[in-house]
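Listed here are the chains, written in short residue letters.
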Protein chains: 2
Amino acid sequence: MLTERNMRMTRQRKVILEELRKMNNHPSADELYERVRQYLPRISLGTVYRNLEVLSELGEIQKLEISGTLKRFDGNPKKHYHIRCMNCGRVDDAPLDFMKNIENSLLGATKYKIMGHRLEFIGLCPECFEQVSARWQGKKLKIGS
Amino acid sequence: MLTERNMRMTRQRKVILEELRKMNNHPSADELYERVRQYLPRISLGTVYRNLEVLSELGEIQKLEISGTLKRFDGNPKKHYHIRCMNCGRVDDAPLDFMKNIENSLLGATKYKIMGHRLEFIGLCPECFEQVSARWQGKKLKIGS
DNA sequence: TTACTTGCAAATCGTTTGCGATATA
DNA sequence: TATATCGCAAACGATTTGCAAGTAA
């Protein structure tokens, strides 16, 4: 990440991107794998993972890191938000008041029964910002078709 | 979850809660495990996990499910928010405009370099709401000391 | 006394990676 | 032809679980 990349538009990559674009249900890698196998029966799950990684680095798709299995715990049971360092994983409290009304703004607009929300800021902690900014190369990448 | 629970205040549970309350760095289960071992050298990692689960169900602590390894992918690269069903894991887009200014509100207040944010609503999809509400028992639980 | 909880070890699950083979540019 | 990418299988890391023994209420 944050590095230059030469990429090739392989058959696998193309099908993965096309299939994902067709779906509107935010599939997991495994669900997408099952779909893609209709067209490429010999594709491997590892290939799907690798391509999703590449495509999201290029900004062609989004990776939703939600509801993960790696948990962190907070001794403070009061609702509040967090900032996470994208480099070292450090987590701090975010200096922003809890927005207790934000859930109401969905009231007529969704059929879900809303139970809560989670807001997380992503960034670089002061220490990592030093390191990363020192070696950052802002190269733009383009994707073929 | 969502079920009644009789709990006992064991030595392990007490130390885990006390230690976590002392820490302000949002530890992972493993980090907490290392700390607790100072007091209870024979405690197992499984016990730490089980207790953290119980304590968060009781509302004594918070479980931060961030930055997880379980990913989902979105063919739409435009920034937007999501609603996730806490019962079946289904994910839909949230009908809420992207708040492009919210990151600015942290500007003077944190030393982090903010790169983005993620907002996720948690709730029950229409199907699961049916099921769950049918068998919900709203029992309050208390924790000893 | 009893059923909740523990320590231990094995199992699980999503994801990542090393390898030699393949195919894109 | 170069080397990015592939398929495969093994490795990985966090978490969960089965079980027999221990213990709080």
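Residues numbered from 1 in each chain as written. Chains lettered and ligands numbered in written order. Predicted model: local features only at pLDDT ≥ 70, side-chain atom pairs only at ≥ 80, totals over all residues. Heavy atoms only, no water.

S.K.: Now, about the side chain of A:Asp74: what can you tell me, with residues and values included?
M.R.: Mapped onto the secondary structure, A:Asp74 falls in strand E2 (residues 72-74). Within the buried core, A:Asp74 has no salt-bridge partner, and the shortest N-O distance to an opposite charge, that of B:Arg21, equals 7.9 Å. Here A:His80 takes part through its side chain, which lies 2.7 Å from a polar atom of the side chain of A:Asp74. At 3.2 Å, the side chain of A:Asp74 forms a polar contact with the side chain of B:His26. If we ignore the near neighbours within four places in the chain, the residues touching A:Asp74 are A:His80, A:His82, A:Asp93, B:Leu20, B:His26, B:Ile61, B:Gln62 and B:Leu64. (Helix = DSSP H or I, 4+ residues; strand = E, 2+ residues; numbered from the N terminus. Buried < 20%, exposed > 50% of the residue type's maximum accessible area, 1.4 Å probe, protein only. Lys, Arg positive; Asp, Glu negative; His and termini not counted. Salt bridge = Lys/Arg side-chain N within 4 Å of Asp/Glu carboxyl O. Polar contact = N/O pair within 3.5 Å; in protein donor to acceptor, adjacent residues only side chain to side chain. Contact = heavy atoms within 4.5 Å.)

S.K.: Could you give me a rundown of the relation of the copies chain B and chain A, with the residues and numbers involved?
M.R.: Turning chain B through 180 degrees and shifting it by 0.0 Å along the axis lays it on chain A, with an RMSD of 0.1 Å. Overall, the copies show the geometry of a two-fold rotation axis. Most of the interface of chain B is mirrored in chain A, where 100% of its interface residues again form contacts. (Least-squares fit on C-alpha atoms with pLDDT ≥ 70 in both.)

S.K.: For the packing of helix H1 (residues 11-22) of chain A against helix H2 (residues 29-36) of chain A, give the residues involved together with the corresponding values.
M.R.: All names here are of chain A. Where H1 contacts H2, the two axes come as close as 10 Å, and the packing angle between them is 110 degrees. Judged on the interaxial angle alone, H2 and H1 are roughly perpendicular. Residue-level inspection shows Val15, Ile16, Glu19 and Leu20 of H1 in contact with H2, the latter providing Leu32, Arg35 and Val36. Split into classes, the residues belonging to the contact of H1 with H2 amount to five nonpolar, no polar and two charged. (Axes fitted to C-alpha atoms, helices over the stretch in contact; angles between N-to-C directions. Parallel < 35°, antiparallel > 145°, perpendicular 65-115°, else oblique. Nonpolar A, V, L, I, M, F, W, Y, C, P; charged D, E, K, R; others polar.)

S.K.: Provide a residue-level description of the packing of aromatic side chains, including the pertinent values.
M.R.: Residue and element names in this part refer to chain A. Inspection of every chain in the model, using the stated rule, returns two aromatic pairs over all chains. An angle of 25 degrees between the planes, with centres 5.2 Å apart, marks the rings of Tyr81 and Phe98 as stacked. Here the residue Tyr81 occupies a position in the loop between E2 and strand E3 (82-85), and Phe98 occupies one in the loop between strand E4 (91-93) and strand E5 (113-124), the gap between them amounting to 17 residues. Phe98 gets classed as partly exposed once you look at its relative accessible area, which sits at 23%. (Phe/Tyr/Trp six-rings, centres within 6.5 Å; stacked < 30°, edge-to-face > 60°.)

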